[in-house]
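Spelled out from the first residue to the last, the chains are:
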Amino acid sequence: MSPTTPRIQYDCSKCPGYCCSYPRIEVKDADVRRLAKHYALSFEQAERKFTRWYKSDEGPERILRHQKDETYGSICRFFDTTARRCTIYAARPAVCRQYPNGAKCGYYEFIKFERKHQGDPDFVPLA
Ligand code: SF4
Ligand code: SF4
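Presented here is an overview of the structure given in this document. Only a predicted model underlies this, so the values are computations on that prediction, with no experimental measurement involved.

## Some words on the overall build of the protein chain
Next, step 1: Each helix and strand counted, the protein chain has four helices and six strands in total.
Next, step 2: Mapped from its N terminus to its C terminus, the protein chain presents α and β elements in the order α-α-β-β-β-β-β-β-α-α.
Next, step 3: Taking all 127 residues of the protein chain together, 20% fall into the buried category.
Next, step 4: Restricting the contact set of the protein chain to residue pairs at least 6 apart, pairs at least 24 apart contribute 54%.

What follows is the structure, given as structure tokens:
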């Protein structure tokens with residue numbers, strides 16, 4: 001039996017980018033290297049410009065810097081807040097590539113339900 005890829009059941013083009021508003025989006029060394037290459041910067045320059053350190057209970061964690069956002073309050077600095085999309089798709093960190101880690105996105109299910117319930121295809125619920 002050959003493995004089958006599950007059908008993707010979410011549509012990011014109909015979502016204002018909720019996952020990009022997560023306050024802690026981890027950036028590993030390989031992600032900094034990718035960003036540095038993308039912007040022709042050194043590792044240190046890219047790290048300083050695009051990331052900051054967060055003190056979690058598990059220890060320090062390097063995360064993406066944020067910017068202000070009218071929809072969610074705060075969102076990843078690489079997010080285009082007008083077009084509502086990632087501006088560095090090819091160079092985005094691994095965690096962004098993996099999300100939502102399956103065929104379904106919980107927020108998309110939520111937004112679909114709320115839009116149907118409200119009778120408003122553009123409604124944006126705040127999770
Ligand atoms: S929250 Fe889900 S539907 Fe919205 S952009 Fe992220 S992955 Fe796509
Ligand atoms: S790098 Fe792109 S995909 Fe990742 S959180 Fe930022 S805007 Fe979203």
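Once the structure has been displayed, the description carries forward.
## Quick look at the site of ligand 2
Next, step 1: Close contacts around ligand 2 come from C20, I25, L64, C76, F78, F79, C86, I88, R92, P93 and C96, and that covers them all.
Next, step 2: Each residue belonging to the shell around ligand 2 can be placed in one class, and the counts come to ten nonpolar, no polar and one charged.

## A word on the site of ligand 1
Next, step 1: The environment of ligand 1 is formed by Y10, C12, C15, G17, Y18, C19, Y99, P100, C105, Y107 and Y108.
Next, step 2: By residue class, the composition of the shell around ligand 1 is ten nonpolar, one polar and no charged.

## With respect to unusual backbone geometry
Next, step 1: With an omega of 0°, the peptide bond between Y99 and P100 qualifies as cis.
Next, step 2: Examined against the element boundaries, P100 turns out to sit in the loop between α3 (94–98) and α4 (106–118).
Next, step 3: The backbone of A40 shows a phi angle near 55°, a positive value even though the residue is not glycine.
Next, step 4: Mapped onto the secondary structure, A40 falls in the loop between α1 (29–39) and α2 (43–50).
Next, step 5: Phi at R84 is positive, roughly 55°, even though this residue is not glycine.

## As for α2
What sets the pattern is the α-helix's 3.6 residues per turn: residues three or four places apart point alike.
Next, step 1: Listed in full, the buried residues belonging to α2 are A46, E47 and F50. Down the axis, α2 shows its buried residues gathered within 100° of arc, on one side only.

## Details of the pairing of strand β4 (residues 73–76)
Next, step 1: In the sheet, strand β3 (residues 66–69) pairs with β4 via four bridges, with the strands oriented antiparallel. What sits directly across from D69, in β4, is G73.
Next, step 2: Between β3 and β4, which pair antiparallel in sequence order, lie three residues.

What counts as what
Sequence order sets the numbering: in each chain, residues are counted from 1 along the sequence as written. Chain labels run from A onward and ligand labels from 1 onward, assigned in the order the entries are written. Only residues with pLDDT of at least 70 are given local features in this predicted model, and only at 80 or more are side-chain atom pairs given and counted; all residues enter the totals for whole chains, interfaces and linings. What counts as a helix is a DSSP run of H or I of at least four residues, what counts as a strand is a run of E of at least two, and both are numbered from the N terminus. With C-beta atoms placed from the backbone, a residue counts as buried when 20 or more other C-beta atoms lie within 10 Å of its own, as exposed when 12 or fewer do, and as partly exposed for counts between those limits. Throughout, a residue-residue contact means that the two C-beta atoms, derived from backbone geometry, are no farther apart than 7 Å. Working rule for contacts: place C-beta from the backbone, and if it is within 6 Å of a molecule or strand, that residue counts as near it. Following the grouping adopted for this structure description, the nonpolar residues are Ala, Val, Leu, Ile, Met, Phe, Trp, Tyr, Cys and Pro, the charged ones are Asp, Glu, Lys and Arg, and the polar ones are all others, Gly among them. The arc in question is formed by the directions pointing from the helix axis toward the C-beta atoms. DSSP-based pairing: two strands are paired if at least 2 bridges between them are found.

From the geometry alone we can't say anything about function, so treat these as descriptive.
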